[in-house]
Amino acid sequence: MLRIIFINLSLLLTLNRKNLSWYFRVWGLSLGSLRSLLLLWRNEILRRSFSRLWTIQDTLTCSLISLTWWISLLTLIASQNSIKTKINRIKIFSRCVCVLNLALLLTFFIRRSLWFYIFFEASLIPTLILILGWGYQPERTQAGMYMILYTITASLPLLLLVSITINLYRTEYILLPNLLSLKTHPPLSPSLSSLIFITALGAFLVKLPIYSVHLWLPKAHVEAPVAGSIILAGVLLKLGGFGMIRIHQFLRLTDTGTLKDILFCFALFGGIITSLICFRQVDLKSLIAYSSVGHISLVLAGVFSGSSWGWQAALRIILAHGLCSSALFALANFNYEKTNTRRLIISKGILLLCPIISMWWFLFCAVNIASPPSINLISEIMVFPAIIFNRLWLLVPVALMSFLAAVYNLFLYTTTQHGRAPKFLLPLKTINSPALLLLLLHYIPVNLLILKTDRICSWIL
């Protein structure tokens, strides 16, 4: 753990030459990615030394740390054209990405609940700087305000609850018992239990986000640069699922009356509504952002299912969505660089103008609808029984969500790739080598992870 933190701290060293600092941080993030993958591969050792005084080192933590390093590396690669080639404050930009990476690593590693909350909220600051400093439109200030107000307002009750829990039970460690054999504290009244439940998980439901508290997400994605969109989709949205799992164990939230069932159902029907909203979008990045809200609602349903399959499927969806959604935002940025617009009505006929971009759109749209051999396939296969065994009538919204996911991905592909291209667009040049490398580094892990899903989910055994 200390080696990984030391690698990240070394990336924050100030170098005189701008290009040298950029490449230094790219290679440093590559080294950190390889080191985190080795840490994940040695999960047998991690299970024997399950937790230490200050840190957690189970495979849940290590898989998300590997995802964080990987997405941070891809963020710098994706920003080659928009940031580095234009000499757009590249030292500040790369340093901001490294600070965000450090805050996320400490959030996943830390075992004390109060410090977990501090680093959980500290990750918003570099994200806000990325949106305000390198956003596209003047409306980025409104998007940043939406993000801060939504997340901070929902997380302040969690800070109060963590403080009360520390004073009552004289411990601040995030305990890690077996998830399926949690022992509750002395029983509370149903109303008090529901209040504690919604207070504890409110901050994570907004960060996830679920329907009705998701309005900040499309605004943030539309106004953010490609780096901000990749970080938001790849890692920051996953803090919600990770936080629900950890706080669920820390507070022993097992008996919460009907509120848990209400949220369970609300997540599924909210996923249906956001899937329908995708068909009314005229902005490419907004459509991908709403599809993320609908897709990530399966994570909440998996966590609330209370079964081992649901918890394992939630982690797999987190990893698959982190790679697939960030790749879609990278492709949307390629379209924007070629056409200078994100409007779907104008971004047509890419198949005739640049066939290689169309091929990558097809591949990642296929991954997004859980086609084999991506890890998305096995994650949805596992989450469906976990949901249906909880309530049989939930088969209808789950089937409808799966159908609508296929429909809006086909709609996304056909709208952008087929049709007659506008006459003012000239034949596009092929994408360069860093762009191809970026897409390959998204596509290879999301398909190879299906071979080692037993190692990823060994934390729940």
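Note that the structure is a prediction, hence the values are computed from the model and not measured.

Chemist: Whenever I open this one, unusual backbone geometry confuses me. Can you help?
Modeler: Excluding glycine, a negative phi dihedral is what most residues carry, and trans is how most peptide bonds are arranged. The step from L208 to P209 runs through a cis peptide bond, and the omega angle for that step is -20 degrees. Inspection of the secondary structure assignment puts P209 in the loop between α10 (190–207) and α11 (216–223). In this model, S212 sits at a positive phi of 90 degrees, which is unusual for a non-glycine residue. Positionally, S212 belongs in the loop between α10 and α11. The class of S212 is partly exposed, set by a relative accessible area of 41%.

Chemist: What am I meant to see in the environment of A370 here?
Modeler: Its place among the elements puts A370 in the loop between α18 (355–368) and α19 (375–390). Once the C-alpha coordinates of A370 and A405 are considered, the two residues, 35 residues apart in sequence, prove to be 9.2 Å apart. Residues contacting A370, with those up to four places away along its chain left out, are N376, L377 and E380.

Chemist: What exactly am I supposed to notice about the packing of helix α14 (residues 259–277) against helix α15 (residues 284–304) here?
Modeler: When two helices pack together, their arrangement is given by the angle between their axes and by how far apart the axes lie. Running from amino to carboxyl end, α14 crosses α15 at an angle of 160 degrees, the nearest separation of the two axes being 8 Å. Comparing their axes, α15 and α14 come out roughly antiparallel. Taken as a pair, α14 and α15 cross one another with a handedness that is left-handed. Counted together, K260, L263, F264, A267, L268, G271, T274 and I277 of α14 and Y290, V293, G294, S297, L298, L300, A301 and F304 of α15 form the full contact between these two elements. Looking at the contact of α14 with α15 residue by residue, the class counts come to eleven nonpolar, four polar and one charged.

Chemist: Where do I start with the state of the cysteines in this structure?
Modeler: Two cysteines joined by a covalent bond between their sulfur atoms form a disulfide. Overall, the coordinates contain zero disulfides when judged by the stated rule. The thiol of C96 is not disulfide-bonded; the next cysteine sulfur, from C98, is found 9.4 Å away. Taking the relative accessible area as the measure of exposure, C98 reaches 0% and is therefore buried.

Chemist: Even after reading the chapter, I still don't get helix α21 (residues 433–448), so can you show me in this structure?
Modeler: Structural remark: α-helix, 3.6 residues per turn; residues separated by three or four positions point the same way. Counted at 1.5 Å a residue, the expected span for α21 with its 16 residues is 22 Å, and the 22 Å between its end C-alpha atoms agrees. All of the buried residues along α21 are A435, L438, L439, L441, H442, P445, V446 and N447. On its buried side, α21 packs onto α4 (59–78), α16 (308–339), α18 and α19.

Chemist: Help me understand the side chain of T68 in this model?
Modeler: Relative to the helices and strands, T68 resides in helix α4. The class for T68 is buried, based on a relative accessible area of 0%. Side-chain polar atoms of T68 contact the backbone oxygen of L64, separated by 2.8 Å. Setting aside residues no more than four positions away along its own chain, T68 makes contact with N101, L104, L105, F108 and V235.

Cut-off values and rules
Residues numbered from 1 in each chain as written. Predicted model: local features only at pLDDT ≥ 70, side-chain atom pairs only at ≥ 80, totals over all residues. Heavy atoms only, no water. Helix = DSSP H or I, 4+ residues; strand = E, 2+ residues; numbered from the N terminus. Buried < 20%, exposed > 50% of the residue type's maximum accessible area, 1.4 Å probe, protein only. Contact = heavy atoms within 4.5 Å. Axes fitted to C-alpha atoms, helices over the stretch in contact; angles between N-to-C directions. Parallel < 35°, antiparallel > 145°, perpendicular 65-115°, else oblique. Left-handed = near helix turned anticlockwise from the far one by under 90°. Nonpolar A, V, L, I, M, F, W, Y, C, P; charged D, E, K, R; others polar. Disulfide = S-S within 2.5 Å. Expected span 1.5 Å × (residues − 1). Polar contact = N/O pair within 3.5 Å; in protein donor to acceptor, adjacent residues only side chain to side chain.

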